[in-house]
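The chain contents come next:
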Amino acid sequence: SQQGEEDPQALSIQEGENATMNCSYKTSINNLQWYRQNSGRGLVHLILIRSNEREKHSGRLRVTLDTSKKSSSLLITASRAADTASYFCATALTGGYQKVTFGTGTKLQVIP
Amino acid sequence: DSGVTQTPKHLITATGQRVTLRCSPRSGDLSVYWYQQSLDQGLQFLIQYYNGEERAKGNILERFSAQQFPDLHSELNLSSLELGDSALYFCASSVSQGMYEQYFGPGTRLTVT
């Protein structure tokens, strides 16, 4: 099964609204990344948060990490139609060579 | 444009056949990752190479193999193809091993008929 599980599976909002998606994982991690994928295209890195960080911002993106709950959230503020995409969290386990595991993804639709 | 190139873009072949997918990483990146994305399985990590050596293995079938060459390009070989192998295959690269930002190529869409 996947190390990361995103929730919700799909989300539909109006342009201008905020979008929040969550990622839960099972084992201890070194850090966590969020990626965006437009339909049928390669993933694009959005943000990386280390295990000793609790919150990180990048433009309209805000990521939080709660290692005690093994969860992370991605907030996109003031959404735009161009934000329509699938969003994935990726985790790398602690120790040894870090195998990166992607979650199942949240499909976001922003309606103009 | 991520700087990662993959060829071919599309591939249609029959069951039982063998194909080779090629990936050129971003200039300066030493790590290459291969992923398979299908509708029912999501994005599955297959294998990672770092500077020519295998570093991590995921859900890669025995019918699949990969290598990274001295010039750092990588090839993923898929043999005895089955209908269920139809998927998007992505290559990604990063500057080093470990949890660094990965740059994804545009993918190769494989259709097995």
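Please read these numbers as outputs of a predicted model, since none were measured by experiment. (Residues numbered from 1 in each chain as written. Chains lettered and ligands numbered in written order. Predicted model: local features only at pLDDT ≥ 70, side-chain atom pairs only at ≥ 80, totals over all residues. Heavy atoms only, no water.)

A. Main features of the packing of aromatic side chains. Under the defined criterion, the tally for this structure stands at nine aromatic pairs over all chains. Ring geometry for Tyr33(B) and Tyr35(B): centres 6.5 Å apart, planes at 20°, overall stacked. For Tyr33(B), a relative accessible area of 0% corresponds to the buried category. With centroids separated by 6.2 Å and ring planes inclined at 75°, the aromatic side chains of Phe90(B) and Phe104(B) adopt a geometry described as edge-to-face. Of this pair, Phe90(B) sits in strand β9 (residues 87-94) while Phe104(B) sits in strand β10 (residues 103-104), and the two are 14 residues apart along the sequence. Taken as a pair, Phe90(B) and Phe104(B) share a single burial class, namely buried. Among the aromatic residues, ring-to-ring pairing joins Tyr35(A), Phe102(A), Tyr33(B), Tyr35(B), Phe45(B), Phe90(B) and Phe104(B) into one connected group. The cationic tip of Arg26(B) hangs over the ring face of Tyr103(B); the distance from NZ or CZ to the ring centre is 3.6 Å. (Phe/Tyr/Trp six-rings, centres within 6.5 Å; stacked < 30°, edge-to-face > 60°. Buried < 20%, exposed > 50% of the residue type's maximum accessible area, 1.4 Å probe, protein only. Helix = DSSP H or I, 4+ residues; strand = E, 2+ residues; numbered from the N terminus. Lys NZ or Arg CZ within 6 Å of the ring centre and 35° of its normal.)

B. Fine view of the state of the cysteines. A complete count under the given rule lists two disulfides over all chains for this structure. Disulfide pairing places Cys23(A) opposite Cys89(A) at an S-S distance of 2.0 Å. On the sign convention where negative means left-handed, the S-S torsion of about 65° between Cys23(A) and Cys89(A) marks this disulfide as right-handed. Taken together, the residues Cys23(A) in strand β3 (residues 19-25) and Cys89(A) in strand β9 (residues 85-93) connect sequence positions 66 residues apart. A sulfur-sulfur distance of 1.7 Å marks the disulfide that ties Cys23(B) to Cys91(B). When the S-S torsion is -45°, as for the bridge of Cys23(B) with Cys91(B), the disulfide is left-handed. With Cys23(B) in strand β3 (residues 19-24) and Cys91(B) in strand β9, the pair connects residues that are 68 residues apart, well separated along the chain. Relative accessible area serves as the criterion here: at 0%, Cys23(B) is assigned to the buried category. (Disulfide = S-S within 2.5 Å.)

C. Highlighting the sheet that holds strand β7 (residues 64-68) of chain B. Residues and elements named next belong to chain B. Within the open sheet, the four strands sit side by side as β1-β3-β8-β7. Their pairing is antiparallel. Edge positions in the sheet fall to β1 (5-7) and β7, since each has one partner strand and no second. Taken over all neighbouring pairs, the strand axes of this sheet differ in orientation by 15° on average, direction set aside. Bridge count for β7 against strand β8 (residues 74-78) is five bridges, and the pairing is antiparallel. Within the sheet, the bridge partner assigned to Gln67 lies in β8 and is Glu75. (Pairing = 2+ DSSP bridges. Axes fitted to C-alpha atoms, helices over the stretch in contact; angles between N-to-C directions.)

D. Region of the structure containing the pairing of strand β8 (residues 71-76) of chain A. Residue and element names in this part refer to chain A. With five of six residues buried, β8 is to be regarded as a mostly interior element. Pairing of β3 with β8 involves six bridges; the strand directions are antiparallel. Its bridge partner lying in β8, Thr20 is registered against Leu75. Judged from the six bridges that link them, strand β7 (residues 61-66) and β8 form a sheet pairing that is antiparallel.

E. Examining the pattern of salt bridges more closely. For the coordinates displayed, the defined rule picks out eight salt bridges over all chains. Of the charged contacts, one joins Arg62(A) and Glu55(A) as a salt bridge, the two residues approaching to 3.2 Å between their closest N and O atoms. We classify Arg62(A) as partly exposed; its relative accessible area is 31%. In this structure, Arg26(B) engages Asp29(B) in a salt bridge whose closest nitrogen and oxygen atoms are separated by 2.9 Å. Arg26(B) sits in the partly exposed class, given a relative accessible area of 23%. A cluster of three or more residues bridged by salt bridges with shared partners is formed by Arg63(B), Glu82(B) and Asp85(B). (Salt bridge = Lys/Arg side-chain N within 4 Å of Asp/Glu carboxyl O.)

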